[in-house]
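Each chain, written out:
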Amino acid sequence: MILDLSSSRDLLLALLPELVLTAWSLVLLLLIAWRHRTAADRRLAGWVTLAALASTAGAVWWLWWHAARAAPPPLAAMIAVDDFRFVTDWLFLGAAALTVLLSFNYLEREQLLIPEYHALIVFATLGMMLMGGGDDLIVVFLGLELLSVSVYVLAGINRKSAAGAEAAFKYFLLGAFASGFLLYGIALVYGATGTTGLRAIAAQVGAGAGGGTMLAIGLALLLIGFGFKVAAVPFHMWVPDVYDGSPTPVTAYMASGVKAAAFAALFRVLGEAFSAVAAWHEIVWWLAVATMVVGNLIALAQRAVKRMLAYSSVAHAGYLLVAVAAGPGPGSAAFLFYLVAYTLMTLGAFALLAAKGRQGERDVLIDDLAGLATRHPWLAFALAVCMLSLLGFPGTAGFIGKWYILAAATSAGQGGLAAALVLTSVISAGYYLPVIMAMYMKPEPSAEAHVGMRLGRLGYAVVTVCVAGLLFFGVRPNRLLDLARTGGVAGPPAPEAIPAAPAVSAAHAPTAR
């Protein structure tokens, strides 16, 4: 199905998923304005949110099934119509749905009567979809701001928590600071090229009309802005405090969906608009190495599980930056596969942490998990699978994802990055394995240590989906790998210094469904 984006009808069709979710968000706002006083009202808002996410996923599937593509020439398009957008949209919607399911029992247990919680998740997810599908820097920025404002509020949604208020305030200040860098970078790129469209920028740069100092500075500011959003070193300092102070389902959402959206936007912007600019490859190279090393080393010193997972997310940002540095050719499939695996293992780990703790789970130490396998063998097994997948142990999706990133990096001539990824993954065993050792090799500190630990039926469903996905894709990854290949960014060819690898290159031609 070829869509002419200069036609209002075809443009609305291309924006169908976003329009469906926007319509549901208005329905949800009316609902919570009318019913917001009881726990039943809060649960109703949650079920409506799940219906909104499911119907939006159906709209994405409809466009994907009909192989929707934008008619040429696509230089003026502000929204992408390609498989990369469809795959990332499914990822964002899935992360949001699992977060909502996890939140039912958590909000009830913590006695948080906040129906607007679900509306904020819907608006944040809409922002993610605009970021992943934006083919213009202005659309990417609008999606980023819609996402950011919603998540700022979600971080401090527990008004009874001083740590939550501190987390929201820090996140707001540093997020606004990063947005300023990003917006100034967009302005300079526009001044250098005369356009904000990603493909139009690529055409200007390829023709030599958009070079010079202004473009270089604009690109550098874009990288700084995105560096804050993806929590790359040295722009990661907000992560431990914000993740630690936020409610655990919100932390899971930030560590999975929000980070995936920022990476999707970064990958599309660099792959489509600036692939002819060789300088950013070296910058991302150093960012990836610093992020992997610093994230893993600081995580080693953490005893609180939540802060350990926060620094772990910084380290995994480094692994994803390796795929970004490999370029849009060899790195697209590896990038998408690892995003899916990382989302599953992060959501699963935080869901299990939410079952263990109370009042934000800030005080749950690794030693507090001692003997969990004796009292709750299924929960211990699930957490062990998540830890092993985060480590990259064979038989899990995390291992396949890291292997695929390694293949992309070596195919792109980035042997140093591949070596750094392997070495830092070995370091990460120093903080993932102690969690498993505590659960299986240490006795319970007391008979009541794990008595109050429960997930609820919907929480169990979230953990089951995450663990089953990690084990299934760790043994049979072919379907997801094929989807990741077809979902690669279709951009200009990569610079000559980084040749594309046929073995892992993305398929750009529309495929029959």
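So, how was this worked out
- Residues numbered from 1 in each chain as written.
- Predicted model: local features only at pLDDT ≥ 70, side-chain atom pairs only at ≥ 80, totals over all residues.
- Heavy atoms only, no water.
- Helix = DSSP H or I, 4+ residues; strand = E, 2+ residues; numbered from the N terminus.
- Rg over C-alpha atoms; globule rule 2.2 N^0.38 Å.
- Contact = heavy atoms within 4.5 Å.
- Salt bridge = Lys/Arg side-chain N within 4 Å of Asp/Glu carboxyl O.
- Axes fitted to C-alpha atoms, helices over the stretch in contact; angles between N-to-C directions.
- Parallel < 35°, antiparallel > 145°, perpendicular 65-115°, else oblique.
- Left-handed = near helix turned anticlockwise from the far one by under 90°.
- Patch = residues over 30% accessible without salt bridge, like charges linked within 9 Å, V, L, I, M, F, W, Y side chains within 5 Å.
- Areas by Shrake-Rupley, 256 points an atom, 1.4 Å probe, with all protein chains shown as cover.
- Buried < 20%, exposed > 50% of the residue type's maximum accessible area, 1.4 Å probe, protein only.
- Expected span 1.5 Å × (residues − 1).

Structural notes on the overall build of the chain
Thinking step 1. Along the chain, the regular secondary structure elements total 20 helices and two strands.
Thinking step 2. A compact globule built from 513 residues would reach a C-alpha radius of gyration of about 24 Å, and the chain, at 22 Å, matches this within 12%.
Thinking step 3. Counting only C-alpha atoms and orienting by the principal axes, one finds that the chain spans roughly 70 × 55 × 45 Å.
Thinking step 4. Long-range pairs, those at least 24 residues apart, make up 82% of the contacts in the chain between residues at least 6 apart in sequence.

Section: the pattern of salt bridges
Thinking step 1. A full pass over the atoms with the stated rule returns 18 salt bridges.
Thinking step 2. Of the charged contacts in the structure, one is a salt bridge between aspartate 241 and lysine 170, with a shortest N-O distance of 2.8 Å. Of this pair, aspartate 241 sits in helix H10 (residues 239–245) while lysine 170 sits in helix H7 (residues 162–193), and the two are 71 residues apart along the sequence.

What to know about the packing of helix H16 (residues 377–391) against helix H19 (residues 457–475)
Thinking step 1. Interhelical geometry of H16 versus H19 gives an angle of 45° and a closest axis separation of 10 Å. In terms of their interaxial angle, H16 and H19 are classed as oblique. In terms of crossing hand, the pair formed by H16 and H19 is left-handed. Residue-level contacts link Trp378, Leu379, Phe381, Ala382, Val385, Cys386 and Ser389 of H16 to Tyr460, Val463, Thr464, Val467, Leu470 and Leu471 of H19.

A few points about a nonpolar patch on the surface
Thinking step 1. A contiguous nonpolar patch, built from Trp378, Phe381, Leu433, Met437, Tyr440, Met441, Tyr460 and Leu471 and spanning about 740 Å² of accessible area, is present on the exposed surface.
Thinking step 2. A per-element tally of the nonpolar patch places helix H18 (residues 415–441) first, with four residues.
Thinking step 3. When you line up the elements, tryptophan 378 lands in helix H16.
Thinking step 4. On the accessibility criterion, tryptophan 378 (31% relative accessible area) is partly exposed.

What about helix H3 (residues 39–65)?
Thinking step 1. Taking 1.5 Å of rise per residue, the 27 residues of H3 would be expected to cover 39 Å, and the 39 Å separating its terminal C-alpha atoms lies within 8% of that figure.
Thinking step 2. Downstream of H3 by a residue or two, alanine 67 has a phi angle that is positive, lying close to 50°.

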